Amino acid sequence: MAKKMEEYKWQDLNAGCVIDEPGNSLQYKTGEWRILRPLTDYSKCTKCGLCWLFCPDNAMRPKEDGFFASHPDYCKGCGICAQECKFEAIKMVEDKK
Amino acid sequence: MKRKGIEVSKAIAEAAKLARVEVVSAYPITPQTHIVEHLAELVANGELEAVYLNVESEHSALSACVGAAATGARTFTSTSAQGLELMHEILFITSSLRLPVVMVLVNRALSAPLSIWCDHSDVMAARDCGWIMLFCENGQEAVDSLIMAYRIAEDKRVLLPVIVNVDGFTLSHVIEPIEFPEQDEVDRFLPPYEALFKLDPERPVTFGAYGMPEIYTEAKYAQEMALVSSKKVIKEVMEEFGKRFGREYKVVETYNMENSKVAFVSCGSINENIKTAIDLLKKDGLDVGLISLRLFRPFPSEEFLESLKNVKRLIVVERSMPQGATNTPIFNEICALIFTRKLDLTVENYIAGLGGRDVLPQEFLELVVNPPEKDHGREYKVLGVRG
Amino acid sequence: MKILKTLEKYMEDPSLELVASGHRACQGCAEVLALRMAFKVLGKNTIVAMATGCMEIISTPLPITCWRLPWIHVAFENTAAVASGIESAIRILMAKGKIDKKWINVVGVAGDGGTSDIGLQALSGALERGHRLIYICLDNEAYMNTGVQRSSSTPYGASTTTSPPGKKSIGQSTWKKDMPKIAVAHNIPYVATACPSYPFDLFNKLKKAKEKDGPSYIHILSVCPTGWRIPSEMAIEYGRLAVRCGMFPLYEVEDGVYKMTFKPDTLIPVEEYIKGQGRFRHLTEKEIKEIQQRVNSEWEKLNKLCEITKP
Ligand SMILES: Cc1ncc(C[n+]2csc(CCOP(=O)(O)OP(=O)(O)O)c2C)c(N)n1
Ligand code: SF4
Ligand code: SF4
Ligand code: SF4
Ligand SMILES: [Mg+2]
């Protein structure tokens, strides 16, 4: 895990400021931006996966049971999944963090 | 070791071949053309196993070198004046990304007026771009410097790009007897390039992230520390080169400094005429020395100070206009050193050889015995300017 | 997961996410969605050179990166040149046996500004030289990263911060530059337009591009809720409307042969696309009509090109 920016000494940086931890952005939780969150009515869900496919943040993720749920750490609450679900299975609701 | 009479530009291309460059990316501009033409020929004939990239501009020439170097290839580019200016933006990025690109800069005056002839206004406009910068006085030095440049640039303690400055026409287009080392000797001196980080799907890394105010200062300081500490490696490499190939180089070269109270400071091919002037003066019983900066970036402060010995008067001759600054770049740097180290020296600043104007040994000689007045309230004197 | 099975037709591993979560794109950004989709197809054996712009900024604030691919950003206007260098290096290093011989996709990515304006020269050079690389233009129709200034790819009439409508201005006063046709003029093996609102079409095109032994150019309409002034959830829908009204036709040009890859039976009126977008709000009926006429004639021209280039 990368340290916070303000904790870096100049000696800590790789030559050329190369970052050698691929995908370490996972430690940055964009879920904090959210006002609304998607809520799925699984009785309406057909497991088609379009909500997963259209999520710009890869925050709508498959569960073991084949349904999908938004990841609280990364879902920004954009509402695309709810808008694009053909079965109106997703509603955007207030997020009580 | 083979010795042959050859145009310096061609010799430089042959040196790049000896260094086994892998990607050549350049855009033609006088007086650099003969270098890249000869390289294109070497690649076309299969004598050099490399990609010759016919890019559509110098900006792209250097950008492609950056991409290739980041992928782990040994890269070469070459340009002059306007071409260097077009690369300007990427010069800084190359050094910040710590990529060991090597460039031969065939020095030429900047437009306007357009001039294809030599001076150092091109390199001086880019002097703080974070590259290591070497100057050469003759063709042999150009060949040797190019080979050393790769060894310096690719050293894991350095990882910085290098500019080898070669004066346009006066150096690039003359035929000189040059000693070429054997390929296997060069191979022993210069092992294949092993990148510390590279663009490789097996081990993905990110090059060129942006810096917020919280981290930008540390990033720049780390880069500066690398450049400053590269001097140690440069000296090591020069020493090893001397041992292996019999031609020894120093970051600061001196000529007739032993008993001199007066000394010139300069760099590049103009030094040959300065040396002639010094020889003439010596015949008249006057000892005058020359301090020649082979290394300009990082500035070899300690070595410069050591070279001063008994000097009381310095005559700094440079080939670029300060354009609104108090003095020329090297002069300013030297004066800062003299002031902070509290040395007792007088320093004079002369500008000569702009846009290919010849400066004869006699004129340098005059500077010593008959220093001209400064004019127009300036802190320097432009030699031979009419009016 | 059913959808993964369907996607296997286009890509090796549909579950692969090469653009990690935690990036800082605005809510509902379809530009980053375009990247997520594109790299699913291109897969792990890919090297990316990216221009300055939104996608660079949202993905790599030092010491953080959302990239799981080898990735480099150098400057704004030189992405195609950087990619050329990467491709050249790979070629020579493979020839010299310094790296293993395998298929590596070299991908250049830039915005519409980085492509159709400041990066056009470098792109032209790279396409002309015939490198085996895929160039992706993410077209959100303005310089979004610097605050929604117009580019030559901004549509006629759109309001941007440097093409504001006013007493003497309609907003953007020029018609959108036809970048894909400029790419076609280089006689490269593959040119295509795409939009994440049509994911399977996009997947198909990237798959084709990946298999070409030469340059390909993919121009992706990337809806930007922030710059277009639309609600974030509407990003996919607006992409669809752009395609269905004919403003952004989906087509490909394979070895010079034009082909529509999605052809609506009838085009919806452009008004349906334009009316909900804040950037077009000031347009009058007359101006919208003018746009409609232009779209009709461009649509016809494109259809003709499909006809005459049919083998
Ligand atoms: C040489 C140079 N000029 C200007 C800029 C400022 N700049 C950075 S990104 C950008 C606009 C990017 O627009 P586009 O390519 O469309 O990408 P977007 O941000 O819209 O995705 C501009 C003007 C720069 N970085 N470099
Ligand atoms: S889009 Fe709707 S139906 Fe499809 S998986 Fe998501 S919630 Fe279920
Ligand atoms: S609201 Fe947006 S970010 Fe959250 S899961 Fe749905 S599509 Fe993804
Ligand atoms: S400004 Fe537009 S393109 Fe840029 S990150 Fe935000 S939504 Fe995406
Ligand atoms: Mg844009």
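Q: I would appreciate a short explanation of the overall build of chain B in the present structure.
A: The helix and strand tally for chain B stands at 12 helices and 16 strands. Its C-alpha radius of gyration of 21 Å places chain B within 12% of the 21 Å reference for a compact globule of 387 residues. C-alpha atoms of chain B, sized along the principal axes, occupy 65 × 55 × 45 Å. A total of 387 residues make up chain B; the buried ones form 62% of that total. Sequence separation of 24 or more characterises 81% of the internal contacts of chain B that already satisfy a separation of 6 or more.

Q: How do you make sense of the site of ligand 2 when you look at a structure like this?
A: Every residue near ligand 2 is listed here: Thr40, Cys45, Thr46, Lys47, Cys48, Gly49, Cys51, Phe68, Cys85, Phe87, Ala89 and Ile90 of chain A. When grouped by side-chain class, the residues that make up the shell around ligand 2 number 8 nonpolar, 3 polar and 1 charged.

Q: In this structure, what is going on with the sheet that holds strand 2 (residues 23–26) of chain B? I would like to understand it.
A: All names here are of chain B. Spatially, the 7 strands line up as an open sheet ordered 3-2-4-5-7-6-13, and their pairing is mixed. Because the sheet does not close on itself, it has two edges, and the strands there are strand 3 (51–54) and strand 13 (295–297). For this sheet, the mean angle separating the axes of adjacent strands, direction not counted, is 20°. Alignment of strand 4 (residues 75–79) against strand 5 (residues 102–107), held across 4 bridges, turns out to be parallel. Of the residues in strand 5, the one forming a bridge with Thr79 is Leu105. Against the sheet, helix 8 (residues 213–245) touches strand 6 (132–135) and strand 13, its axis set at about 40° to strand 6.

Q: How do you make sense of the packing of helix 1 (residues 8–18) of chain B against helix 6 (residues 139–154) of chain B when you look at a structure like this?
A: Helix-helix packing is characterised by the crossing angle of the two axes and by the distance between the axes. All names here are of chain B. Two elements in contact, helix 1 and helix 6, have axes separated by 9 Å at closest approach and are oriented at 20°. Between helix 1 and helix 6, the angle is such that the two are roughly parallel. In the crossing of helix 1 with helix 6, the sense of the turn from one axis to the other is right-handed. Only Gly139, Ala142, Val143, Leu146 and Ile147 of helix 6 make contact with helix 1, whose side of the interface consists of Val8, Ala11, Ile12, Ala15, Ala16 and Leu18. Partitioned by chemical class, the residues of the contact of helix 1 with helix 6 number 10 nonpolar, 1 polar and no charged.

Q: For this particular structure, what's the right way to read the pattern of salt bridges?
A: When their charged atoms lie close together, side chains carrying opposite charge are able to pair. This model, assessed by the stated rule, comprises 52 salt bridges over all chains. Across the salt bridge formed by Asp178 of chain C and Lys181 of chain C, the nearest N and O atoms sit 2.7 Å from each other. Notably, a salt bridge pairs Glu252 of chain C with Lys208 of chain C, separated by 2.8 Å at the nearest N-O pair. With Glu252 of chain C in strand 9 (residues 251–254) and Lys208 of chain C in helix 8 (residues 199–211), the pair connects residues that are 44 residues apart, well separated along the chain. One continuous salt-bridge network, built from bridges that share partners, spans Arg3, Asp144, Glu179 and Arg247 of chain B.

Q: How should the interface of chain C and chain A be read in this particular structure?
A: Interface size, as often reported, equals the accessible area lost upon joining of the parts. At the junction of the two partners, chain C supplies 41 residues and chain A supplies 40 residues. Buried area between chain C and chain A, both sides added, is near 3300 Å², and the carbon and sulfur share of it is 63%. Area buried by chain C at its contact with chain A is led by Ser21, Leu62 and Pro63 of chain C, which between them contribute 19% of it. Across the contact surface, chain C and chain A share 1 salt bridge.

Conventions and cut-offs
Residues numbered from 1 in each chain as written. Chains lettered and ligands numbered in written order. Predicted model: local features only at pLDDT ≥ 70, side-chain atom pairs only at ≥ 80, totals over all residues. Heavy atoms only, no water. Helix = DSSP H or I, 4+ residues; strand = E, 2+ residues; numbered from the N terminus. Rg over C-alpha atoms; globule rule 2.2 N^0.38 Å. Buried < 20%, exposed > 50% of the residue type's maximum accessible area, 1.4 Å probe, protein only. Contact = heavy atoms within 4.5 Å. Near = heavy atom within 4 Å. Nonpolar A, V, L, I, M, F, W, Y, C, P; charged D, E, K, R; others polar. Pairing = 2+ DSSP bridges. Axes fitted to C-alpha atoms, helices over the stretch in contact; angles between N-to-C directions. Parallel < 35°, antiparallel > 145°, perpendicular 65-115°, else oblique. Left-handed = near helix turned anticlockwise from the far one by under 90°. Salt bridge = Lys/Arg side-chain N within 4 Å of Asp/Glu carboxyl O. Buried area = accessible area lost by both parts, 1.4 Å probe.

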